[in-house]
Structures are given as C-alpha cells and as structure tokens.
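Architecture at a glance
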Amino acid sequence: MNCIADFFTYETTKSVVVKSWTIGIINRAVQLLIISYFVGWVFLHEKAYQVRETAIESSVVTKVKGFGRYANKIMDVSDFVTPPQGSSVFVIITKMIVTENQMQGVCPESEEKYSCVSDSQCQAERVASGGILTGHCVNYTSELRTCEIQGWCPAEVDTVEKPIMIEVENFTIFIKNNIRFPLFNFEKGNLLPNMTAAEIRSCRFHPDSAPYCPILKVGDVVKFAGQDFARLASTGGVLGIKIAWVCDLDKSWDLCTPKYTFTRLDGLSQKSRISPGYNFRFAKYYKTENGQEYRTLLKVYGIRFDVLVYGNAGKFNIIPTIISAVAAFTSVGVGTVLCDIILLNFLKGADHYKARKFEEVNETMLKVAASPNPMYCRDQTTEEKQSTDSGAYSMGH
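Because the structure is a prediction, the values reported are computed rather than measured. (Residues numbered from 1 in each chain as written. Predicted model: local features only at pLDDT ≥ 70, side-chain atom pairs only at ≥ 80, totals over all residues. Heavy atoms only, no water.)

With 51 residues, the main nonpolar core has Phe80, Ile92, Phe181, Val218 and Phe305 as its most contacted residues. Element by element, the count of residues in this core is highest for strand 16 (residues 293-316), at six residues. In this view, phenylalanine 181 contacts Glu53, Ile56, Phe186, Trp245, Cys247, Gly311, Asn312 and Ala313; residues no more than four positions away in its chain are not counted. Ranked by size, the runner-up nonpolar core spans 11 residues in total, among them Tyr114, Cys116, Cys122 and Cys147. (Core = buried A, V, L, I, M, F, W, Y, C linked by side-chain atoms within 4.5 Å. Buried < 20%, exposed > 50% of the residue type's maximum accessible area, 1.4 Å probe, protein only. Helix = DSSP H or I, 4+ residues; strand = E, 2+ residues; numbered from the N terminus. Contact = heavy atoms within 4.5 Å.)

So this is what it looks like as structure tokens:
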C-alpha cells in the first residue's frame, strides 16, 4: 500500500531564497561560464546560428607538363603520365623496368626460387611468376637451371636496379576545380576571377606567397607532404592533394576560397617489407609483318596523386538560431542544480535547507486547509518569512 501511495503523488516546485555569498558566487560563476561557452564557442566559433551544407559537389581536371630524359630517350607527358584523361587521380612515372620483344612461347623462369635440378621439381600446370610451368627443368644460364614456363617470353627480370627520372621534380601540375553547394545554389572555382591568364601561367603554388595559384610543382608537393623526392621516386608512393572549401556564405562571395594541404596516403606501405611503395605493369602491343603479336612489358614505379576535394558551407537560418538559443537558456539552469547539490550535502545547515525545500502534504492536511477554520501547526524553532506572494521563502544567516 505504501508503494501505491508513493506512486500516486504529485510534486511541484517550491522557491527558497538562500542569502549566502558562497552559494551566490558559485551560482553566478557557473551561469557566466555556460553563457560564455554558448556565446564564444557555440555561436561565434561553431556558428550554430547557421544551417550547414556538407554535400559538396565537385569536378577536378588536371594537366601535367614537363620533359624528362630516361634511357637515352626524351620523354613527354604521353610517355610518363597515366591515365591520360586528366582526372583527379593520375600517376607520374619516375622509374621503369622494360622487357622488350616478348612473344608467346616457352622459356626458362627468371626467378631463382624456381631453380631446379630435375623435372620432378617443376610441377606441370602450376602457375609461376611469368607463366604456367610445363614440368621441364631447362638451362637458364650455363650455371643455373630453372623450371620452364609457357607464356610471354623472355621472362621479365625485375630485380635490376634502374635510375629515377630526376626531371620529374620540376614537372608542374595544373589543377582546375569547380565546386557547388546545392542547398544554397552556390558555385565557385579555384581559378579566382582577380587572376589574369598571364599570372596563372607564371605563378607557382606556395602556401604563404601564392596560396591560390592552381599550378603546383611536383617537387614542392613532395616537400609539403613531408617526403624525400629521391626515395619516393625510387619506390613509388601515393600523395594526396587536399582542397578544402569551408565557406561562410553570410560574408562576401570573394571570401570563399580554397585551402590546399598535402599528405602521403600510403604511409604504412613505405614501412612494409612486402611490396613497399607503388608500382604496376602495363604493356604495349605490336605485330610483325607476318601478323605475329609481340609486346613490350613495362614495370613502372611512380608517384600517384589523388586530388581530394571536401568542404562545407553555412548560412544564417532562424530555425537553428532558435534551437541553439533555447539550449543556451536551458543550460543556465545547471547552476541551480549544482548549488542544490552543494546545499543539500556539503554546507552547514543542510537539514534546515532540506526542510524548507522539500515539504510533504497529505490528504489530511489538505482537508484541514479546506475546512472553514483551518488549524496550522507552525514550527517555531526556525524563523522564516515569505518574501513574495508566489510562495518563495527566504533563508538568512
């Protein structure tokens, strides 16, 4: 019955005015901190009065320029940039291992791990590095015998050391980026309208002196990403060119500008002993006069560039402003909760405060209060006075 009686109860607030310097200072200090947080961080820094658009739409077009010398050949963009479409992801080749005049046939495997003494060590139909094993052990050199393969012959030898194309460091990358925030129908590009064509052709990006120049030097990108060019060009790697568009659309259109940062995206790859860096293979195919097909196989090492575009935009809107303001006013009440905890548990006179803050009224007392001549029991041990007509009581020292 007690549980049922406790369930069917009603609680209402009762105001108690506590005249204490300690509690008063704590209350105002907490309220000041909360107000400062909402004004300084939520409204000014985070701009909670704005509606934000994070679904940025972007297009990226790239173009690489430069000439290099490799294996006694002068190479241009068509030779060392792949794919050639000028997309947001492209590779500049820095080193190549070339295997020329490969034709379909049988030949000895080039890797030493396929060395053999007899045919029994070469299991037929097993896949090797350069093709499919025929089951025969043949001479690779006068001193080495290896398993025979069927495939493109002669087999590739990719263990030889090759120099890097040092001129890549001076190549340039032109980036044209256009973005749109569909919520606000806002469009802009990284080719700022105040830059002339002559300025764009002659400028080179620098985060301090030329932060909006769309032409970047490969060596500078490698340096800004914290990498060593010679080592990166030798093993290959993946670099990220990040373009950030963080725009406050309550301000002028001209103030929405891109910010470029650079990083290495395959940082763990360079520390791995298994396939460190970045390389891949491709082939160029030809036919002889009698129609027989042959190819030139290239294993290339290079620097892959990923142009990554991200950002968000904000603009004033009444709905988030109201929501943030209500949250701020509601949070000010935290000071009252903290002061109640201190008063009820840590200060002298906590029992006296509890007696004034919490009061139980049962049905008997309500009936007595409703009678024509109500009788009240007053506790005379504590002096109390009603400060207002709203039921607030004042406690003094």
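Under the criterion given, the structure shown has five disulfides. Covalently, cysteine 107 is tied to cysteine 153 through a disulfide, its sulfur atoms 2.2 Å apart. Classification of the bridge connecting cysteine 107 and cysteine 153 rests on its S-S torsion, roughly -80°, and on that basis the disulfide is left-handed. Taken as a pair, cysteine 107 in strand 7 (residues 89-108) and cysteine 153 in strand 9 (residues 145-153) lie far apart in primary sequence, 46 residues in all. By the burial criterion, cysteine 107 is buried, and cysteine 153 matches it. Between cysteine 247 and cysteine 256 runs a disulfide, and the two sulfur atoms are separated by 1.9 Å. Taking the sign of the S-S torsion, 55° for the link of cysteine 247 and cysteine 256, the bridge is right-handed. Classification of cysteine 247 as buried rests on a relative accessible area of 3%. (Disulfide = S-S within 2.5 Å.)

Looking now at helix 2 (residues 21-45). The terminal C-alpha atoms of helix 2, which comprises 25 residues, lie 34 Å apart, in line with the 36 Å expected from a rise of 1.5 Å per residue. At phenylalanine 38, helix 2 shows its strongest bend, of approximately 25°. Where helix 2 is buried, its residues contact helix 7 (318-331) and helix 8 (334-345). Remark: lysine 47 follows helix 2 within two positions and exhibits a positive phi of approximately 50°. (Expected span 1.5 Å × (residues − 1). Bend = angle between axes of the 7 residues up to and from the residue.)

Below, the discussion takes up helix 7. Here helix 7 is 14 residues long and its end C-alpha atoms lie 20 Å apart, about the 20 Å a rise of 1.5 Å per residue gives. For helix 7, the elements touching its buried residues are helix 2, strand 2 (50-53) and strand 16. For helix 7, the capping residue at the N-terminal end is asparagine 317, with a side-chain oxygen 3.0 Å from the backbone nitrogen of isoleucine 319. (Polar contact = N/O pair within 3.5 Å; in protein donor to acceptor, adjacent residues only side chain to side chain.)

Turning our eyes to something else, we now look at the packing of helix 2 against helix 8. At a minimum axis separation of 8 Å, helix 2 and helix 8 run at an interaxial angle of 150°. Taken together, helix 2 and helix 8 sit at an angle that is classed as roughly antiparallel. The way helix 2 lies across helix 8 gives a crossing that is right-handed. Within the contact between the two elements, helix 2 uses Ile23, Ile26, Asn27, Val30 and Ile34 and helix 8 uses Val334, Gly335, Thr336, Leu338, Cys339, Ile342 and Leu343. Residues of the contact of helix 2 with helix 8, tallied by class, amount to nine nonpolar, three polar and no charged. (Axes fitted to C-alpha atoms, helices over the stretch in contact; angles between N-to-C directions. Parallel < 35°, antiparallel > 145°, perpendicular 65-115°, else oblique. Left-handed = near helix turned anticlockwise from the far one by under 90°. Nonpolar A, V, L, I, M, F, W, Y, C, P; charged D, E, K, R; others polar.)

On the surface, a cluster of nonpolar side chains totalling about 600 Å² of accessible area is made up of Phe316, Ile318, Ile319, Ile322, Ile323 and Val326. Tallying contributions element by element places helix 7 first for the nonpolar patch, with five residues. Looking at the element boundaries, isoleucine 323 is found in helix 7. Given the relative accessible area of 55%, isoleucine 323 is considered exposed. (Patch = residues over 30% accessible without salt bridge, like charges linked within 9 Å, V, L, I, M, F, W, Y side chains within 5 Å. Areas by Shrake-Rupley, 256 points an atom, 1.4 Å probe, with all protein chains shown as cover. Salt bridge = Lys/Arg side-chain N within 4 Å of Asp/Glu carboxyl O.)

A separate point is the side chain of arginine 264. Within the secondary structure layout, arginine 264 lies in strand 14 (residues 259-264). Polar contacts involving the side chain of arginine 264 include one to the main-chain carbonyl oxygen of glycine 236, which spans 3.4 Å. Looking at arginine 264, its side chain comes within polar contact range of the side chain of aspartate 266, at 2.7 Å.

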